[in-house]
Amino acid sequence: GSTGRMMLALLFVILTFANVFAADDIVLQPLKKGKSDVALVLIQGAFIKPSQYVPLMNAIQKASEYTVWVGIPEYTLNVVEPLIIKGGIERVLKEMSDVGMKSDQVFLAGHSLGGVVLENYVQSYPDNIKGQILMGSFLSRANYNGSYPVPTLTIGGEKDGLCHVTRIMVSFYHQILHTKTPDTAIKDFPVIVIPGLSHMQFASGNPPLLVKDRDLKPEISYDDAHTALANITKAFISIQLAGSKTDLQFIDKVVNETKTFVQPLIKAYEMEGSTHFNPPCNNNPPGPTCTTGCPWSEE
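Undergrad: What should I look at first to understand helix 4 (residues 113-124) in this one?
TA: Given 3.6 residues to a turn, an α-helix orients residues that are three or four positions apart in the same direction. Here helix 4 is 12 residues long and its end C-alpha atoms lie 17 Å apart, about the 16 Å a rise of 1.5 Å per residue gives. Inspection of helix 4 places G114, G115, V117, L118, E119, Y121 and V122 among the buried residues, and these make up the whole buried set.

This is the structure we're talking about:
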């Protein structure tokens, strides 16, 4: 009723003002001069401070042939919410512009919960967004139909204890192997698994309690993790801005390595009759668009 709407409006005002006055945003000016200015805004994972993403963002700045400006908005209690994500992005873009950034080439990245909230934001406000990078996060199943409005790079880690590699495998199955847009899937919606990478290695420093409790032990160093992430991210940016053939060949190679990695997982899910690939047939005749169950249960 009206009381509920008033309380929601009040909460929105409180969250907005809390973010404006308490934000400790980070703006990283370019580390080198490149082709042209590019803005990269990263949305933090839950309870991970913006400063903990600086090493990865610096690695991306160094790897890219563009002049990369980075903005990392801080949200109240280091947790982004749907009601306040827009204000943080707009605020940090203005801060970047105020110190000299001259670009309308904007890429948005989100780690973990930041990616979950970012996906919906980008879907609602796609204008002028050149690309989206989901780190330890993924597009929801509702967006597998080929209509998502912004090119999106999905990166998962083999040792991610929160965004499990099996969930990234499902994204790979739908976005690469069974995509509705096969001609542009690898270019605009690549899905990549980095072997040995954990959830916290998208950032750095001490993990928050939830990540500490659930994440797996990485099998690569933080430096190697950030180098791999930077090379993939910079290639995606170059593909979206200039159609770089060299970078597309690199992404194609890494996507095919991911295909080899996830094939045993896909086979296991098919053997289990998983409905993550296709819905159950129920009373419908068996066919390629529905799942009948475990193959051996029907023998």
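Undergrad: Teacher, can you tell me more about the packing of helix 3 (residues 85-98) against helix 4 here?
TA: Packed helix pairs are specified by the crossing angle of their axes together with the interaxial distance, meaning the distance between the axes. Where helix 3 contacts helix 4, the two axes come as close as 10 Å, and the packing angle between them is 80°. Classified by the angle their axes make, helix 3 and helix 4 are roughly perpendicular. In this structure, helix 3 uses I85, K86 and I89 to contact helix 4, whose residues at the interface are V117, L118 and Y121.

Undergrad: Just to check I follow, could you spell out the packing of aromatic side chains for this structure?
TA: Here a ring pair, both rings aromatic, is described through the centre-centre distance and the interplanar angle of the planes. Inspection of the entire model under this criterion finds 4 aromatic pairs. Relative to F236, the ring of F107 has its centre 6.4 Å away and its plane inclined at 75°; by these criteria the two rings are edge-to-face. Taken as a pair, F107 in strand 4 (residues 106-111) and F236 in helix 8 (residues 222-242) lie far apart in primary sequence, 129 residues in all. Just as F107 is buried, F236 falls in that class too. Where Y269 meets F277, the ring centres are 5.9 Å apart and the plane angle is 35°; that geometry is what we call tilted. Its relative accessible area of 7% is what places F277 among the buried residues. Cluster of aromatic residues (ring-pair linked, three or more members): Y173, Y269 and F277. Positioned over the ring face of Y125 is K86, at 5.2 Å from the centre of the ring. Directly above the aromatic system of F138 lies the positively charged group of R167, at a separation of 3.9 Å from the ring centroid.

Undergrad: Is there a simple way to think about the state of the cysteines in this case?
TA: In protein structure, a disulfide is the covalent linkage between the sulfur atoms of two cysteines. Considering all chains together, one arrives at 1 disulfide under this definition. What pairs with C281 in a disulfide is C290, and their sulfur atoms sit 1.9 Å apart. One quick way to see it: the torsion about the S-S bond of C281 and C290 is about 85°, and its sign makes the bridge right-handed. Accessibility assignment for this pair places C281 and C290 in one class, buried.

Undergrad: I'm lost on the sheet that holds strand 1 (residues 26-28) in this one. Help?
TA: The strands making up a sheet are joined through hydrogen bonds of the backbone, oriented either antiparallel or parallel. Taken together, the 7 strands give an open sheet; going across it, the order is 1-3-2-4-5-6-7, and neighbouring strands pair in mixed fashion. Each edge of the sheet is formed by a strand with only one pairing partner; in this case those strands are strand 1 and strand 7 (191-198). Each neighbouring strand pair of the sheet contributes to a mean axis angle of 20°, computed without reference to strand direction. One ladder, built from 5 bridges, connects strand 6 (residues 152-159) with strand 7; its direction is parallel. Looking across to strand 7, one finds that K159 is bridged to S198. Running over the sheet, helix 4 touches strand 2 (37-43), strand 4 and strand 5 (129-135) and is turned about 140° from strand 4. Where helix 9 (residues 245-272) meets the sheet, its contacts fall on strand 6 and strand 7, and the angle it forms with strand 7 comes to roughly 70°.

Undergrad: Would you explain the nonpolar core in this entry?
TA: Considering soluble globular proteins, one finds that nonpolar side chains tend to be buried as a cluster. In this structure, L40, M57, I133, I155, I192 and I232 are the most contacted members of the largest nonpolar core, which totals 56 residues. Setting aside its immediate chain neighbours within four residues, I192 contacts L153, T154, I155, G156, I168, I232, I251, V254, V255 and T258. One finds I43, V92, V106 and L134 within the second-largest nonpolar core, a separate group that totals 24 residues.

Undergrad: Looking at this model, I keep getting lost on the pattern of salt bridges. Mind explaining?
TA: Note on pairing: side chains with opposite charge can pair once their charged atoms come close. Using the criterion set out here, one finds 8 salt bridges in the structure. Across the salt bridge formed by K94 and D98, the nearest N and O atoms sit 2.9 Å from each other. Of this pair, K94 and D98 both sit in helix 3, 4 residues apart, which is roughly one turn of that helix. Among the residues examined, K94 registers a relative accessible area of 51% and is labelled exposed.

Undergrad: Please explain the packing of helix 8 against helix 9 as it appears in this structure.
TA: Where helix 8 meets helix 9, the axes come as close as 9 Å, and the angle between the chain directions of the two elements is 130°. Comparing the axis directions of helix 8 and helix 9 gives the class oblique. When you trace helix 8 past helix 9, the crossing you get is left-handed. Counted together, N231, I232, K234, A235, S238 and I239 of helix 8 and D247, L248, F250, I251 and V254 of helix 9 form the full contact between these two elements. Across the contact of helix 8 with helix 9, the residue classes tally to 7 nonpolar, 2 polar and 2 charged.

Parameters at a glance
- Residues numbered from 1 in each chain as written.
- Predicted model: local features only at pLDDT ≥ 70, side-chain atom pairs only at ≥ 80, totals over all residues.
- Heavy atoms only, no water.
- Helix = DSSP H or I, 4+ residues; strand = E, 2+ residues; numbered from the N terminus.
- Expected span 1.5 Å × (residues − 1).
- Buried < 20%, exposed > 50% of the residue type's maximum accessible area, 1.4 Å probe, protein only.
- Axes fitted to C-alpha atoms, helices over the stretch in contact; angles between N-to-C directions.
- Parallel < 35°, antiparallel > 145°, perpendicular 65-115°, else oblique.
- Contact = heavy atoms within 4.5 Å.
- Phe/Tyr/Trp six-rings, centres within 6.5 Å; stacked < 30°, edge-to-face > 60°.
- Lys NZ or Arg CZ within 6 Å of the ring centre and 35° of its normal.
- Disulfide = S-S within 2.5 Å.
- Pairing = 2+ DSSP bridges.
- Core = buried A, V, L, I, M, F, W, Y, C linked by side-chain atoms within 4.5 Å.
- Salt bridge = Lys/Arg side-chain N within 4 Å of Asp/Glu carboxyl O.
- Left-handed = near helix turned anticlockwise from the far one by under 90°.
- Nonpolar A, V, L, I, M, F, W, Y, C, P; charged D, E, K, R; others polar.

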